[in-house]
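Below are the chains, spelled out letter by letter.
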Amino acid sequence: MRYISTRGAAPAVGFAEALLAGLAPDGGLYVPETWPRFTSDEIAAFAGKPYAEVAAAVVGRFVGDALPKGEVERIAAEAYATFAHPAVTPITQLDSNLWLLELFHGPTLAFKDVAMQLLARLYDRVLEKTGRTLTIVCATSGDTGGAAVEAFRGAKHARIAVLFPEGRISEVQRRFMTTTAEANVACVAVEGTFDDCQAIVKSLFADEDFRTAVDLSGVNSINWARVAAQAVYYFTAAVALGAPHRPIGFCIPTGNFGDAFAGYVAMQMGLPIARMIVATNSNDIVARAFQTGRYERGQVVATQSPAMDIQVASNFERLYFEAVGRDAADTARAFEGFGKGGAIALPTQAFADLRKLFTGEAVDEAQTSAEMAATLAETGEIIDPHTAVAMTAAKRAGASATPLVVLSTAHPAKFPEAVEEATGQAPAIHARSKDLFKLTEKIDRLPADAGAVKAYVRRFAGA
Ligand SMILES: *Cc1c(COP(=O)(O)O)cnc(C)c1O
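Scoring rules and cut-offs
The residue numbering used here restarts from 1 in each chain and proceeds along that chain's sequence as written. It should be noted that, the model being predicted, local features are given only for residues of pLDDT at least 70 and side-chain atom pairs only at 80 or more, the latter also being counted only at that level, while totals for whole chains, interfaces and linings use all residues. Only hydrogens and water are set aside; all other atoms, that is, all heavy atoms of the structure, feed into the side-chain values. Criterion used throughout: strands pair if DSSP finds at least two bridges between them. Helix and strand definitions follow DSSP, with helices as H or I runs of at least four residues and strands as E runs of at least two, each counted in order from the N terminus. The method works on a 1 Å grid over the protein atoms by themselves. A cavity is a set of points holding a 1.4 Å probe that cannot get out, a pocket is an open set with protein on both sides within 12 Å along at least five of seven lines, and residues with an atom within 4 Å of a point line them. Grid points are joined across faces, edges and corners, and a volume is the space filled by probe spheres set on the points. Each residue gets one of three labels from its accessible area relative to the maximum for its type: buried under 20%, exposed over 50%, partly exposed in between, using a 1.4 Å probe on protein chains only. Call a crossover right-handed when, viewed with both strands pointing away from you, the route from the first strand across the helix to the second goes clockwise. Between the N-to-C directions of two axes lies an angle of 0 to 180 degrees, each axis being a line fitted to C-alpha atoms and, for a helix, fitted only over the stretch in contact. Should the near helix be turned anticlockwise from the far one by less than a right angle, the crossing is termed left-handed; should it be turned clockwise, right-handed. Note on definitions: a residue-residue contact is assigned when non-hydrogen atoms from the two residues lie within 4.5 Å. In this classification, Asp, Glu, Lys and Arg are treated as charged, Ala, Val, Leu, Ile, Met, Phe, Trp, Tyr, Cys and Pro as nonpolar, and every other residue, Gly included, as polar. N or O atoms closer than or at 3.5 Å make up a polar contact, with two conditions inside protein: a donor-capable atom paired with an acceptor-capable one, and, for residues adjacent in sequence, both atoms drawn from side chains. Only rings of Phe, Tyr and Trp enter the pairing, Trp through its six-membered ring, and a pair is recorded when the two centres are within 6.5 Å. The plane angle decides the type: under 30 degrees is stacked, over 60 is edge-to-face, the rest tilted. For a lysine, the NZ atom is tested; for an arginine, the CZ atom; a charge sits over a ring if that atom is within 6 Å of the ring centre and within 35 degrees of the ring normal. Any angle that is under 35 degrees is reported as roughly parallel, and any over 145 degrees as roughly antiparallel; angles of 65 to 115 degrees are reported as roughly perpendicular and all others as oblique. Expected helix span is taken as 1.5 Å per residue step, with the number of steps being one fewer than the number of residues.

## Re the sheet that holds strand β8 (residues 185-191)
Sheet strands line up and pair through hydrogen bonds in the backbone, either parallel or antiparallel. Strand order across the open sheet formed by five strands is β9-β6-β7-β8-β16, with parallel pairing between neighbours. The open sheet has two edge strands with one neighbour each: β9 (216-217) and β16 (444-447). The pairing of strand β6 (residues 134-139) with strand β7 (residues 158-165) spans six bridges and is classified as parallel. Note that in β7 the partner of Thr135 across the bridge is Arg159.

## So, the layout of surface pockets
Estimates place the volume of the largest pocket at around 590 Å³. What lines the largest pocket is a set of 29 residues, among which Arg7, Ala199, Lys202, Val312 and Gly339 lie closest to the centre. Put simply, the parts of the chain that give the lining of the largest pocket at least two residues each are α8 (194-206), α9 (208-214) and α14 (328-341). Tallying contributions element by element places α8 first for the lining of the largest pocket, with eight residues. Roughly 380 Å³ of volume is contained in the second largest pocket. Taken together, 17 residues form the lining of the second largest pocket, with Glu17, Ala21, Arg132, Arg211 and Leu216 sitting closest to its centre. Secondary-structure elements contributing two or more residues to the lining of the second largest pocket are α1 (15-21) and α9. In terms of residue count, α1 provides more of the lining of the second largest pocket than any other element does, four residues in total.

## Some thoughts on the pairing of β6
Burial within β6 is extensive, with six of its six residues counted as buried. The alternating pattern of β6 places Leu134, Ile136 and Cys138 and Thr135, Val137 and Ala139 on opposite faces, both of which are buried. For the handedness criterion, the β-α-β arrangement of β6, helix α6 (residues 143-152) and β7 is classed as right-handed. Direction of pairing for β6 relative to β9: parallel, over a ladder of two bridges. Bridging from a neighbouring strand, Thr135 pairs with Leu216 of β9.

## Here's the deal with empty space enclosed by the protein
Taken as a whole and judged by the stated rule, the model has three cavities of 30 Å³ or more. By volume, the largest cavity amounts to about 260 Å³. For the lining of the largest cavity, the secondary structure elements donating two or more residues are α6, α10 (224-240), β10 (248-253) and α11 (258-268). Counting residues per element, the lining of the largest cavity draws most heavily on α11, which supplies three residues. Here the second largest cavity is characterised by a volume of approximately 100 Å³. Lining the second largest cavity we find Gly22, Leu23, Gln198, Val201, Lys202, Phe205, Gly218, Val219, Asn220, Ile222 and Ser314.

## Thoughts on the packing of helix α5 (residues 112-128) against α6
To describe two helices that pack against each other, one gives the angle between their axes and the distance between the axes. Packing of α5 against α6 brings their axes to within 9 Å, and their N-to-C directions diverge by 35°. Handedness of the crossing formed by α5 with α6: right-handed. Contacts between α5 and α6 pair Lys112, Asp113, Met116, Gln117, Leu119, Ala120 and Tyr123 from the former with Asp143, Thr144, Ala147, Ala148, Glu150, Ala151 and Phe152 from the latter. Broken down by class, the residue content of the contact of α5 with α6 amounts to eight nonpolar, two polar and four charged.

## A look at the side chain of Lys414
Here Lys414 shows up in the loop between β15 (404-408) and α18 (416-423). A distance of 2.7 Å separates a polar side-chain atom of Lys414 from the backbone oxygen of Thr108. If sequence neighbours within four positions are ignored, Lys414 has contacts with Thr108, Leu109, Ala110, Asp143, Ser170, Val172, Gln173 and Phe176.

## A word on the packing of aromatic side chains
Going through the model one piece at a time under the given rule, you end up with 24 aromatic pairs. Ring geometry for Tyr123 and Phe152: centres 5.2 Å apart, planes at 85°, overall edge-to-face. Of this pair, Tyr123 sits in helix α5 while Phe152 sits in helix α6, and the two are 29 residues apart along the sequence. Look at Phe152 and you get buried, because its relative accessible area is 1%. Here the aromatic residues Phe257, Phe261, Tyr264, Phe290, Tyr295, Phe316, Tyr320, Phe335, Phe338 and Phe358 are joined through ring pairs into a cluster of three or more. For the cation-ring pair, Arg297 lies above Phe338, with the distance from its terminal atom to the ring centre recorded as 5.1 Å.

## Considering the packing of helix α16 (residues 365-379) against helix α17 (residues 385-397)
Close contact between α16 and α17 brings their axes to 8 Å; oriented N to C, the two are set at 80°. Our classification of the angle between α16 and α17 gives roughly perpendicular. Between α16 and α17, the residues in contact are Gln367, Thr368, Glu371, Met372, Ala374, Thr375 and Glu378 and Pro385, Ala388, Val389, Met391, Thr392, Lys395 and Arg396, respectively. Class assignment of the residues belonging to the contact of α16 with α17 gives a composition of six nonpolar, four polar and four charged.

## Observations concerning α16
When the terminal C-alpha atoms of α16 are compared, their 21 Å separation across 15 residues agrees well with the 21 Å that a helix rising 1.5 Å per residue should span. Those residues of α16 that are buried lie in contact with α17 and α18. Among the residues of α16, the N-terminal cap falls to Asp364, whose side-chain oxygen and the backbone nitrogen of Ala366 are separated by 3.1 Å. Residue Gly380 follows α16 closely and has a positive phi angle near 80°.

Take a look at the structure:
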């Protein structure tokens, strides 16, 4: 399997290179040269299989011959043994045709673990053969950082520096990153927003000297292997509800558009997906794009669903590339223009095609709180604010004969203040977050300035 850049000016690479590079050198994102497909029979045969087996089958198509099949199976088995639920990502029925897909049973209680546990093991295996030690720099809106630190702490072939927006993430989120004693982990509070953190990481990648000096690598949701790992639960959930014999709808709480794009990937691989409802909080760039055809940056505002406080949804570039028939010149022009002007008008035909599958819904703070209370009253389930954003959007879509699966991306115990304020009920403290409050935090502080971050990371990498 070869990977090409959405901007067309970087050479095609193999899986290992796409995995370690994150961003392509021309500023684009890697996508597979062609979509691997499963037949209907192959998809049907996923029914009843352990999660790790389906993961090895799906991700294995993207790994190709970069690792032996048995290795991928072993990595998947190890990765998903860290989850607290035997089904890994179980589904719960809430109404006659409404389901919750629980993606929060991993070590840091958010869906980022699903991909990160697999990713760290893939890194380890790929790097073992090279003797390199990479420096991972990662911007986080809250959950990626914790999942990445948990997955990479103590890694032999990688060190990791995490940048998070100071004061804009929950205490539990922060402590999942900052309480690790391992020397290969650094946590940096940046005086700015998540978009500032992400822009800094992008500029580190754009600096060739720096990239080489520290052997820079990225594990943000633009990393192809993360998207591939997230496609897996679309298969397991859909098959449990009758796919491929009937189509299934999904509703996804969205920030950087990685999770939603993974659903699109599952569809390209042959899974019948009837519709995708993309839900945002007040940071609604993606919702607006699907409503109006204009992908246009707005001001970031802080919300109770901080993992989605994003106004530049990096993975949207991959969808755009597909929607314009994989025209890399068009994609490069559009996203280089977006970097300067902050807006893209989707071409008419592309927008019309996307609208057949996607709807966008923005959900404000009051609606999010009301939904946490309503879901508790109606079903007895406590949901976190991110899930509540999606649940609100799912209910707006109304009843349908097609099963609708709402992705539940974080455990409510990760956002106890917001949950208690909305429902009057504090979520029980989760066994996995209990000890975090006894441990000492290790945090460095930096201004939102690429130069300062570069100097810091050079020191951290000993470069
Ligand atoms: C990261 C995250 C999201 C958004 O996922 P994207 O792939 O960035 O769209 C939603 N909910 C939670 C809890 C998250 O951590």
